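Remarks on the overall topology
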There are 4 protein chains.
Amino acid sequence: MTRKAMPISSEMGWSSVDRILVRGYDLCDDIIGKLNLGDMAYLEITGRLPSEAESTMFNAILVTLVEHGLTPMAIAARLTYLGAPESLQSAVAAGLCGMGTTFAGTAEGAARVLHETLADNPEQSIEVMSDDIVSRYRSAKTSIPGIGHNLHKPQDPRATRLFKVAEEHGFSGRYVKLMKGIADAATRQFGKDLPVNATGAIGALCCELGISWKAARGIAVMGRSVGLVGHLVEEQGNPIAKEVWLRTEEEAHDNAQHEEESAP
Amino acid sequence: MTRKAMPISSEMGWSSVDRILVRGYDLCDDIIGKLNLGDMAYLEITGRLPSEAESTMFNAILVTLVEHGLTPMAIAARLTYLGAPESLQSAVAAGLCGMGTTFAGTAEGAARVLHETLADNPEQSIEVMSDDIVSRYRSAKTSIPGIGHNLHKPQDPRATRLFKVAEEHGFSGRYVKLMKGIADAATRQFGKDLPVNATGAIGALCCELGISWKAARGIAVMGRSVGLVGHLVEEQGNPIAKEVWLRTEEEAHDNAQHEEESAP
Amino acid sequence: MTRKAMPISSEMGWSSVDRILVRGYDLCDDIIGKLNLGDMAYLEITGRLPSEAESTMFNAILVTLVEHGLTPMAIAARLTYLGAPESLQSAVAAGLCGMGTTFAGTAEGAARVLHETLADNPEQSIEVMSDDIVSRYRSAKTSIPGIGHNLHKPQDPRATRLFKVAEEHGFSGRYVKLMKGIADAATRQFGKDLPVNATGAIGALCCELGISWKAARGIAVMGRSVGLVGHLVEEQGNPIAKEVWLRTEEEAHDNAQHEEESAP
Amino acid sequence: MTRKAMPISSEMGWSSVDRILVRGYDLCDDIIGKLNLGDMAYLEITGRLPSEAESTMFNAILVTLVEHGLTPMAIAARLTYLGAPESLQSAVAAGLCGMGTTFAGTAEGAARVLHETLADNPEQSIEVMSDDIVSRYRSAKTSIPGIGHNLHKPQDPRATRLFKVAEEHGFSGRYVKLMKGIADAATRQFGKDLPVNATGAIGALCCELGISWKAARGIAVMGRSVGLVGHLVEEQGNPIAKEVWLRTEEEAHDNAQHEEESAP
């Protein structure tokens, strides 16, 4: 073997007999009883404690993504729990696996397009950049990340609220302006209401907080994990997975039998 | 088909055109910008907002479980991300799948034994109940959930700290007393330091907060999901998974080659 | 650090520039074009190639577990694919996570009880051992692994068929006899039809093949992975996940709205 | 609610009291004891039984992907099993989650490019199509799916072997020719050995078998699931996960301590 080994290091945390350090902070002295879960998430992602404004903004982002009712992810988690009630963690894992391009991918995609556009065009006006972005997606016939919602029209109330929190706490900068500009350009070019949606607002606000676009999906995952646990705790007391399963199986069975009977 | 269909219902949340409700609260008016992620988790689990004391206690529990360095879960998540960097959510899922009996199971197990013991023996003294519990596990030769730690001795500093937060906020009730009683009885019966560990403290404090023992594992999952995302964001900038993989594969290869060469 | 490092080794396989070895066999010369997937699975589990009889028996076990229609696992996999169509592997993973105590656990449990009973009581009659086993589960009020089926009565046709294949190929030994004895004892003691089910037959036949009871669950996983992929390929052409999701969400929404309206 | 419900149907399988049907075949009469796992996989994917040639070819593809030693997936599965030994299925799931763009994605990508190229250019010569494909990837600076291997040079022996099996069984058609043509064009254009690799051969042979490119990733998943179970069964007898974990954690700890000590 001739490969030169690379060192393995991590700044996340370590333990000794009487101490646990997390990103340089003492878990017992500095964290337990002092930080809330959102601030802890901020520490994990950035390596430092948030200011009060950052704490409010970051927690606002995190709580937005926790709960959205009986999503495909929540139903998949509940069905998994039905089969493996001894492994609640695996039911959450099953739910998370469905958090792909459609949902978490758009927060990431929005953060990325904002980050790259503003890094590449420091001098350009918001309007020109916005029109360019929309034209590019339009000609590629792909949807613009963070824009439009099939239910929430003409505004996504979560985006409206998040932008208000951002304004109140000093996070309404260029990324927010560009995100709103993209929505305006899309509405103009497509001739219908295409507002910033929740994931678009979250993508923009991750950028405002200085969080890498690559981490944006992770922030969605943090929030949704909390929500999936919530659904499983409800499932413990008010189970619905078995009913979803039986109805699905029975209808498919009835349709399949029918086809067999009508065969020559 | 003769089965009578059961209704499907959920109180977690639902959306209309201009509103998202979560457990009866308006996401935009009552939650975003007002609740931190730990309070949101409390709402998801219990259906109501926490008092200030409950918020401090519950967040203290949640942050305790977020980070413990390069655990098997964190390494598994990083290796998964190496193979599927387009699916960060699946890497978190892979990490969570390893949160089984050894770790999350003990928080659940501790909460369960405390809950069942105090429900069944309302009149008995802590000492008698504790001795009974330890004797039972001792004769079954299985470890007592929430007791003992291979590194943190003679005390687990996280348990010490959590119990202090509990005392300061009015959560140092019978469950905490029984958990400490079990540690004392174990130390006496086995003749060596067997302190309450972090998962034992968390099990007891879930009971004090009125949270079902069945949900205790879920609370561990909420915290650890945040930590796994943290590790993956570090992996983006300071990757170690490839090195862990290559070293493991190379050593196994070297050992296998050696065996082949030394064969007759 | 004072811990003595242990060597890392694996006999599963390794590669050089022009060869891939799997458990000592050359992948290109000995395996590709010569072994079927079930024989490859046998090689992976046991480290050697199966005889013709072993191949037939082991493949019979494997194919039994592949497909059982729209199970909770299959529906969970399809819902996951809806959210993350770019990660088919994660949708299979989500489905597998639900293969817990209820299903895969019983094949393992049956193999374990047969293995341990015959190892501990080499001299006892099948009838006495069977009655003891059933009495033990009966007094513990837990179900006997591998016994009984809510749909397939008075016989599970899969068990009947597997036992026939076993007889034809010389695998109808003591483990099969004990499994059948347990079903007879259960039917006697409970006074109703309690046949050997598919997982009971599989547990017994794993034992007959000399496969560890700890691996029995893995054999179920191998088969079901194939079936879950099958469901996802059907989902690509005939999607049902979105309909399952929407119906579930809508009904929960309707029920929740109704409750709100009827509130004082 | 005004949405029109769509029917739910599935042709995968269903059960009645005394029968289990799988894609129209009787599980007990037609499948158990008659089909091997690879043929069953073929039935699941295509809805019909394979001919002898198809069975040989399809099983050859499947077994190629089962085992490749201590891959990141295999190590992740073993680490997960360490934390949750009661859930072998979740350890396999964790391993599968890492089967992303790098590995399974290239089989899919190769099948897709072959399928789309030949569908769009029925009249063009292999050489012209190959040169166009390579030029396109070259100018996009992305790697060509199915081409090149960092270890296996100048040929990937698995591809060589698979193509030989294809030739012997009548599957060496236009897709195989185009795949080889792409490798030749890549070798010419880049001026170094760029052979067809195993996933490239598999992509081409899926096309020859008439399997949709969208299913190619699923075929990789079927094979690798078998291999991951194999690794976990080895882990039961020859555990290495704990050693991988401890070494990783200790080295990171040592490096972190060092940095702390050297801080001013």
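Keep in mind that what you see is a predicted model, and the values were worked out from it rather than measured.

1. Examining the interface of chain D and chain C
- At the interface, 86 residues of chain D touch 86 residues of chain C.
- For the chain D and chain C pair, buried surface summed over both sides reaches about 7200 Å², with 67% attributable to carbon and sulfur atoms.
- For the chain D face of the interface with chain C, the top three residues by lost area are D:I32, D:L37 and D:Q89, together amounting to 10%.
- On the surface where chain D and chain C come into contact, there are 4 salt bridges.
- With its nearest N and O atoms 2.5 Å apart, the salt bridge here joins C:R3 to D:E250.
- Our enumeration of links across chain D and chain C arrives at 35 residue pairs in polar contact (both at pLDDT 80 or more).

2. Considering unusual backbone geometry
- The omega torsion across B:K153 and B:P154 is -5 degrees, close enough to zero to call that bond cis.
- Positionally, B:P154 belongs in the loop between α7 (126–140) and α8 (157–168).
- With phi around 50 degrees, A:R23 is a residue other than glycine that occupies positive phi space.
- With respect to the helices, strands and loops of the structure, A:R23 is situated in the loop between β2 (19–22) and β3 (25–26).
- Even without a glycine there, the phi angle at D:K141 is positive, about 55 degrees.
- Given a relative accessible area of 78%, D:K141 falls into the exposed group.

3. Considering the nonpolar core
- Membership of the largest hydrophobic core comes to 321 residues, with the highest contact counts inside it found for A:M57, B:M57, C:M57 and D:M57.
- Discounting residues that sit within four places of it in the chain, A:M57 has contacts with A:L162, A:V165, A:A166, A:F171, A:L205 and A:L209.

4. Here's the deal with the relation of the copies chain D and chain B
- Between chain D and chain B, which share one sequence, the superposing operator has a rotation angle of 180 degrees and an axial displacement of 0.0 Å; the RMSD is 0.0 Å. Expressed as an axis order, the relation between the two copies is that of a two-fold axis.
- Comparing interface residues between copies, 97% of those in chain D also sit at the interface in chain B, which points to an isologous, same-surface contact.

5. What about the packing of aromatic side chains?
- Counted under the stated rule, the structure contains 4 aromatic pairs over all chains.
- The interplanar angle of 80 degrees and the centroid separation of 5.4 Å between the aromatic rings of A:Y42 and A:F58 together place this pair among those described as edge-to-face. Separated by 16 residues along the polypeptide, A:Y42 in helix α2 (residues 37–46) and A:F58 in helix α3 (residues 52–64) bring together distant segments of the chain.
- A:F58 gets classed as buried once you look at its relative accessible area, which sits at 1%.
- Sitting above the plane of the A:F190 ring, A:R138 keeps its charged end 5.2 Å from the centroid.
- Geometry around D:F163 places D:K180 over its ring, the cationic atom sitting 4.9 Å from the centre.

6. Topic: the side chain of B:S15
- As for its placement among the helices and strands, B:S15 is situated in strand β1 (residues 13–16).
- Overall, B:S15 belongs to the buried group, its relative accessible area being 12%.
- A distance of 3.3 Å separates the side chain of B:S15 from the side chain of A:H68, its partner in a polar contact.
- Beyond its immediate chain neighbours, meaning those up to four positions away, B:S15 contacts A:H68, A:L151, A:H152, B:I20 and C:H253.

7. Here we look at the sheet that holds strand β2 (residues 20–22) of chain C
- Strands sit in the order β1-β2-β3 (chain C) across an open sheet of 3 strands; the sheet is antiparallel. In this open sheet, the two strands that pair with only one neighbour each are β1 (13–15) and β3 (25–26) of chain C.

8. Considerations on the sheet that holds strand β3 (residues 25–26) of chain D
Residue and element names in this part refer to chain D.
- Taking strand neighbours across the sheet as the criterion, the 3 strands line up as β1-β2-β3 in an open arrangement whose pairing is antiparallel. Unpaired on one side and paired on the other, β1 (13–16) and β3 mark the two borders of the sheet.
- Strand direction decides the pairing type here: strand β2 (residues 19–22) and β3, joined by 2 bridges, are antiparallel. Across the sheet, residue L21 finds its bridge partner in β3, namely D26.

9. Structural notes on the environment of C:T102
- Position of C:T102 relative to the elements: it lies in the loop between α5 (88–97) and α6 (104–120).
- For the pair C:T102 and C:P145, spaced 43 residues apart in the sequence, the C-alpha separation amounts to 9.4 Å.
- Not counting chain neighbours up to four residues away, the residues in contact with C:T102 comprise A:L82 and A:G83.

10. A look at the confidence of the model for chain A
- Of all residues in chain A, 96% have pLDDT values of 70 or greater, and the mean over the chain is 93.
- Predicted complex metrics record ipTM = 0.95 and pTM = 0.96.

11. Digging into the interface of chain D and chain B
- With 29 residues of chain D at the contact, the number on the chain B side is 28 residues.
- Around 2300 Å² of area is buried between chain D and chain B when both sides are counted, 64% of it from carbon and sulfur atoms.
- For the chain D face of the interface with chain B, the top three residues by lost area are D:L70, D:P72 and D:C97, together amounting to 21%.
- On inspection of chain D and its partner chain B, the count reaches 2 salt bridges.
- Two residues, D:E251 and B:R247, come together in a salt bridge whose shortest N-O distance is 2.6 Å.
- Breaking the side of chain D that touches chain B down by element, the ones donating at least two residues are α4 (72–83), α5 (88–97) and α12 (241–261) of chain D.
- Of the residues in the side of chain D that touches chain B, the class split is 15 nonpolar, 10 polar and 4 charged.

12. What to know about helix α10 (residues 198–208) of chain A
All names here are of chain A.
- Judged by how many residues are buried, α10 sits mostly within the fold: 11 of 11 residues are covered.
- Along α10, the residues that are buried comprise A198, T199, G200, A201, I202, G203, A204, L205, C206, C207 and E208.
- Summarising the contacts, the buried residues of α10 are in contact with α3, α6 (104–120), α8 (157–168), α9 (174–190) and α11 (213–237).
- With its phi angle positive at about 80 degrees, G210 sits one or two positions after the end of α10.

13. Remarks on the pattern of salt bridges
All names here are of chain A.
- Across all of its chains, the model carries 52 salt bridges over all chains by this definition.
- Between E54 and R48 there is a salt bridge, and its shortest N-O distance comes to 2.8 Å.
- With relative accessibility at 14%, the residue E54 sits in the buried group.
- For R48, a relative accessible area of 37% translates into the label partly exposed.
- One salt bridge in this structure joins R247 and E243, with 2.9 Å as the shortest N-O distance. Of this pair, R247 and E243 both sit in helix α12 (residues 241–261), separated by 4 residues, roughly a single helical turn.

Reading the values: the criteria
- Residues numbered from 1 in each chain as written.
- Chains lettered and ligands numbered in written order.
- Predicted model: local features only at pLDDT ≥ 70, side-chain atom pairs only at ≥ 80, totals over all residues.
- Heavy atoms only, no water.
- Contact = heavy atoms within 4.5 Å.
- Buried area = accessible area lost by both parts, 1.4 Å probe.
- Salt bridge = Lys/Arg side-chain N within 4 Å of Asp/Glu carboxyl O.
- Polar contact = N/O pair within 3.5 Å; in protein donor to acceptor, adjacent residues only side chain to side chain.
- Helix = DSSP H or I, 4+ residues; strand = E, 2+ residues; numbered from the N terminus.
- Buried < 20%, exposed > 50% of the residue type's maximum accessible area, 1.4 Å probe, protein only.
- Core = buried A, V, L, I, M, F, W, Y, C linked by side-chain atoms within 4.5 Å.
- Least-squares fit on C-alpha atoms with pLDDT ≥ 70 in both.
- Phe/Tyr/Trp six-rings, centres within 6.5 Å; stacked < 30°, edge-to-face > 60°.
- Lys NZ or Arg CZ within 6 Å of the ring centre and 35° of its normal.
- Pairing = 2+ DSSP bridges.
- pLDDT = per-residue confidence, 0-100.
- Nonpolar A, V, L, I, M, F, W, Y, C, P; charged D, E, K, R; others polar.

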